[in-house]
Amino acid sequence: MIFVNLPVADPDAAGEFYAALGFSLNPHFSDDRTAAVVVGDDIAVMLHARDRFADLVVGEAGDPAQTTTVVHGLTVDSRAEVDRLVARALEAGGKPWLPARDEESRYTGSFTDPDGNVWEAVWMDQLHVVN
């Protein structure tokens, strides 16, 4: 499994944002300082209050609203699903990031969550995927 740990201002509000994208919350691994979001069978996003996130890192925890430190990419099944996921994110309080990119073998849309964490939705033509 992959666990993506993200700093957020309010885990409950952040959890609501990700639920609006169609992901589920796992209450067993959530508490007042962390919201556990199930993205897929092998991917969980742990939304930590900034003070909790600071316990996980050496040095000062960065603020994703101030500078981009990572871009999280999720593959989806179609170009239309890229557009739907970005639209849901914007409707739920996210912000646009880069304009959609339509390349020969892939289509990408992107957004930030309300805390500034960057996400890309990516559709790839399976004929061009390297195994």
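Let me sum up the structure you'll find in this document. Since this is a predicted model, take the numbers as computed values, not measurements.

**Side note on the overall build of the protein**
Okay, step 1: Across its full length, the protein carries 3 helices and 9 strands.
Okay, step 2: With the C-alpha coordinates aligned to their principal axes, the bounding extent of the protein is approximately 45 × 30 × 30 Å.
Okay, step 3: By the burial criterion, 38% of the 131 residues in the protein qualify as buried.
Okay, step 4: When contacts within the protein are restricted to residue pairs at least 6 apart in sequence, those whose partners lie at least 24 apart make up 53%.
Okay, step 5: A total of about 7,700 Å² of accessible surface is found on the protein, and carbon and sulfur atoms cover 53% of it.
Okay, step 6: Treating the 9 positive side-chain charges of the protein as one cloud and the 22 negative ones as another, the clouds have centres 3 Å apart.

**Re the packing of aromatic side chains**
Okay, step 1: For the coordinates displayed, the defined rule picks out 3 aromatic pairs.
Okay, step 2: Note on Tyr18 and Trp119: the rings are 6.1 Å apart at their centroids and 70 degrees apart in plane angle, and the pair reads as edge-to-face. Of this pair, Tyr18 sits in helix H1 (residues 11–20) while Trp119 sits in strand S9 (residues 118–124); the two residues are 101 residues apart in sequence, bridging distant segments of the chain.
Okay, step 3: Here Tyr18 falls in the buried class, since its relative accessible area comes to 2%.
Okay, step 4: In this structure Trp119 comes out as buried when scored by relative accessible area, which is 5%.

**A closer look at the environment of Ala49**
Okay, step 1: Summarising the element assignment, Ala49 is placed in strand S4 (residues 43–49).
Okay, step 2: Residue Ala49 is classed as buried on the basis of its relative accessible area, which comes to 10%.
Okay, step 3: Separated by 40 residues in the primary sequence, Ala49 and Ala9 place their C-alpha atoms 5.6 Å from one another.
Okay, step 4: Excluding residues that lie within four positions of it along the chain, Ala49 makes contacts with Val8, Pro11 and Arg33.

**Re the nonpolar core**
Okay, step 1: Tyr18, Leu21, Val45, Leu47 and Phe111 are the most contacted members of the largest nonpolar core, which has 24 residues in total.
Okay, step 2: For this core, the secondary-structure elements that each account for two or more residues are strand S1 (2–8), H1, strand S3 (34–40), S4, helix H3 (79–91), strand S8 (106–112) and S9.
Okay, step 3: Here this core takes 4 residues from H3, the largest share from any one element.
Okay, step 4: The contact partners of Val45, leaving out residues within four places of it in the chain, are Val4, Leu6, Ala35, Ala36, Val37, Val39 and Trp119.

Parameters at a glance
Residues numbered from 1 in each chain as written. Predicted model: local features only at pLDDT ≥ 70, side-chain atom pairs only at ≥ 80, totals over all residues. Heavy atoms only, no water. Helix = DSSP H or I, 4+ residues; strand = E, 2+ residues; numbered from the N terminus. Buried < 20%, exposed > 50% of the residue type's maximum accessible area, 1.4 Å probe, protein only. Contact = heavy atoms within 4.5 Å. Areas by Shrake-Rupley, 256 points an atom, 1.4 Å probe, with all protein chains shown as cover. Lys, Arg positive; Asp, Glu negative; His and termini not counted. Charge placed at Lys NZ, Arg CZ, Asp CG, Glu CD. Phe/Tyr/Trp six-rings, centres within 6.5 Å; stacked < 30°, edge-to-face > 60°. Core = buried A, V, L, I, M, F, W, Y, C linked by side-chain atoms within 4.5 Å.

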